[in-house]
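Structural overview for review
Okay, here's what each chain looks like letter by letter:
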There are 2 protein chains.
Amino acid sequence: MELNLKKITIAGVGLIGGSFALALRSAGVKAELVGIGRDPDVMQQALELGIVDRVAENAADAYSGADLILIAAPVAQTSVILSQILPFLGPDTVITDVGSTKADGVAAARLVMGERIGQFVPAHPIAGRELNGPAAAISDLYAGKKLVITALPENPKASVSLVEDLWKICGAQIHFLTPEAHDAVFASVSHLPHLLAYALVDEVSQRENADILFQYAASGFRDFTRIAGSSPEMWRDIAMANRDALLHELDAYIANVSATRTALAERDADSLLRTFSRAQSARQRWIEAIEAAEKDRHAAV
Amino acid sequence: MELNLKKITIAGVGLIGGSFALALRSAGVKAELVGIGRDPDVMQQALELGIVDRVAENAADAYSGADLILIAAPVAQTSVILSQILPFLGPDTVITDVGSTKADGVAAARLVMGERIGQFVPAHPIAGRELNGPAAAISDLYAGKKLVITALPENPKASVSLVEDLWKICGAQIHFLTPEAHDAVFASVSHLPHLLAYALVDEVSQRENADILFQYAASGFRDFTRIAGSSPEMWRDIAMANRDALLHELDAYIANVSATRTALAERDADSLLRTFSRAQSARQRWIEAIEAAEKDRHAAV
């Protein structure tokens, strides 16, 4: 893939932005990689680790003349960063982001960018580690992972292609969803489980006998609650940003758990077995599909 | 530890019973290890793998003259096995089990055993693998794992000590709880999470767009739902056997999730952050305690 890019600016050079930079560099992309961020120590670290070529002195330096700007900061900061970019945004610059929720971010971007909204191509890489910051960045974070582009009607085809091409270079598999479909899907398979895991650990921790309960919690509990180890601030922001879809999922789940409760209360063992069996089979099929895809990917490499 | 045992009988030589036998053997316990079970092929396999010294021809052969009998079969079979043991139960034989729920099993055992209930010392090893059957048995399955004895008022001290000593030989850490306390603890940290994970996967699998949802489910969903890959029959039996404690936990959890839903519906971001933060801190302390204990154990070895 031949890309004629001179300058790529990364706003927020932590795990996600840093891994994007490392992946591009390791694939031989020649563009200058410029970093900008709120914390000078973090930026210095990103520079010393060779993740960016230089740290911008200010917004003008960072954004003027960039071919692509990647916003890789917490979703709550997207609007602020877009308004910092706007005075220096060239007519051909493409902006993209990595936010875990899309409809809310797109609405905020429309407010800030107005008629220039077409220059913003929203995206979301489905990848992460339990570590954060530039030191956690790795060049293969996105290899084989999904990257969802929630393109807007205003996005020129070439701008969407550029975002697509850059993430393909990082090794990601490109998917397209509308912002609303994206948010509904991730409310179901990501945001809801996070909220449920937080609620369970919180529930246990508030008990008088919490020490005894945790003492006997074993590997099943550990895996079930692993996501409750995630950043509370980040997940508060995601829950608030995707509030409507998450409420919808919560209601459906509470209804399903309540039905299971009724089956148990009524000693309806057959109904419990049906629920458990459907779940086990569905999960088994899912795991087999993942493993088959993984195998194909390795065979293709 | 010097134990003068001549014959140990294991009823059900799968992962749990087989690993108990292998652990005793590997620790140099000299007693004859006799296996008995419903499936002749499984018993033959246990024999060929060297897990037991011989397979009993019938109940008389299995249970007569045994110093200890371990019942390592699904909880729903405990009563049946106890009634098969009873005609051949010597006055000094100690029976123990490995059931995941205790109050229900103890009540059933009292019905079957009557005045001889003191010979039954209920126990529960907190250990497992995702594999089953004698081929999955390993000698260090119980090393460093918890073993809960839910001793009965009728149990002679020497009988409890024998069960304790044998599990210590297997490497387990011995804990004591009443059957009721045991069931309440495991309803909270094991049975409830299983039911919640089954309910989530079932909920997703019943959606019209289930394929799309599963397609975007990532590692967080995979860990959260790992326990929904467990045997539906086994977990139906556990849920039914521990119904009252599990209903109690379900109600507390549904109340907590509903409160979280209210906070989200009311855009109370501070309340969400408090819940998420309490959970994250509690989990972090718990993981640190586990890791410290693990380190101590390795240092002590």
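Refer to the structure printed above.
Let me sum up the structure you'll find in this document. (Residues numbered from 1 in each chain as written. Chains lettered and ligands numbered in written order. Predicted model: local features only at pLDDT ≥ 70, side-chain atom pairs only at ≥ 80, totals over all residues. Heavy atoms only, no water.)

Turning to the sheet that holds strand 4 (residues 68–71) of chain B, a few remarks are in order. Reading across from one edge, 3-2-1-4-5-6 (chain B) is the order of the six strands in this open sheet, with parallel pairing throughout. This sheet does not close on itself; its edge strands, each paired only once, are strand 3 (54–55) and strand 6 (120–121) of chain B. (Pairing = 2+ DSSP bridges. Helix = DSSP H or I, 4+ residues; strand = E, 2+ residues; numbered from the N terminus.)

Residue and element names in this part refer to chain B. Of the two faces of strand 4, the one lined by L68 and L70 and the one lined by I69 and I71 are each fully buried. Relative to strand 4, strand 1 (residues 7–11) is paired through four bridges, and the arrangement is parallel. For T9, the partnering residue across the bridge sits in strand 4 and is I69. Bridge count between strand 4 and strand 5 (residues 94–97): four bridges; the pairing is parallel. The residue bridging L70 from the neighbouring strand is T96, located in strand 5. In the classification by handedness, the crossover that spans strand 4, the intervening helix 4 (residues 78–85) and the parallel strand 5 is right-handed. (Buried < 20%, exposed > 50% of the residue type's maximum accessible area, 1.4 Å probe, protein only. Right-handed = clockwise from strand over helix to strand, strands pointing away.)

So, about the environment of A:L162. Residues and elements named next belong to chain A. For L162, the location among the structural elements is in helix 6 (residues 157–169). You can call L162 buried: its relative accessible area is 15%. Separated by 95 residues in sequence, L162 and D67 place their C-alpha atoms 9.7 Å apart. For L162, the residues in contact, after removing those within four places along its chain, are L3, L5, D67, L68 and V94. (Contact = heavy atoms within 4.5 Å.)

Formed by 82 residues in total, the largest nonpolar core has its most connected members in A:F214, A:F221, A:Y253, B:L196, B:F214, B:F221 and B:Y253. Membership of the second largest hydrophobic core comes to 39 residues, among which are B:L5, B:I8, B:F20 and B:L166. (Core = buried A, V, L, I, M, F, W, Y, C linked by side-chain atoms within 4.5 Å.)

Let us look at the pattern of salt bridges. In the structure shown here, the tally under the stated rule is 28 salt bridges over all chains. Among the salt bridges present, the one from B:E32 reaches B:R54, with a minimum N-O distance of 2.8 Å. Of the two residues, B:E32 sits in strand 2 (residues 32–36) while B:R54 sits in strand 3, which places them 22 residues apart along the sequence. Among the residues examined, B:E32 registers a relative accessible area of 30% and is labelled partly exposed. What you see here is one network of salt bridges that share partners, running through A:E32, A:R54 and A:D61. (Salt bridge = Lys/Arg side-chain N within 4 Å of Asp/Glu carboxyl O.)

Turning our attention to the side chain of A:D97. All names here are of chain A. Checked against the element boundaries, D97 lands in strand 5 (residues 94–97). A polar contact is formed between the side chain of D97 and the side chain of K102, at a distance of 2.9 Å. Of the polar contacts made by the side chain of D97, one reaches the backbone nitrogen of A123; its length is 3.0 Å. When near neighbours in sequence (up to four residues on either side) are disregarded, D97 contacts L70, I71, K102, F120, V121, P122, A123 and H124. (Polar contact = N/O pair within 3.5 Å; in protein donor to acceptor, adjacent residues only side chain to side chain.)

The next point concerns the packing of aromatic side chains. Each aromatic ring pair is described using two quantities: the centre-to-centre distance and the angle formed by the ring planes. With the rule as written, the count across this model stands at 15 aromatic pairs over all chains. Note on A:W286 and B:F214: the rings are 6.0 Å apart at their centroids and 35° apart in plane angle, and the pair reads as tilted. Placement of A:W286 in helix 12 (residues 269–300) and of B:F214 in helix 8 (residues 210–216) is noted, with the two residues assigned to different chains. On the accessibility criterion, A:W286 (6% relative accessible area) is buried. (Phe/Tyr/Trp six-rings, centres within 6.5 Å; stacked < 30°, edge-to-face > 60°.)

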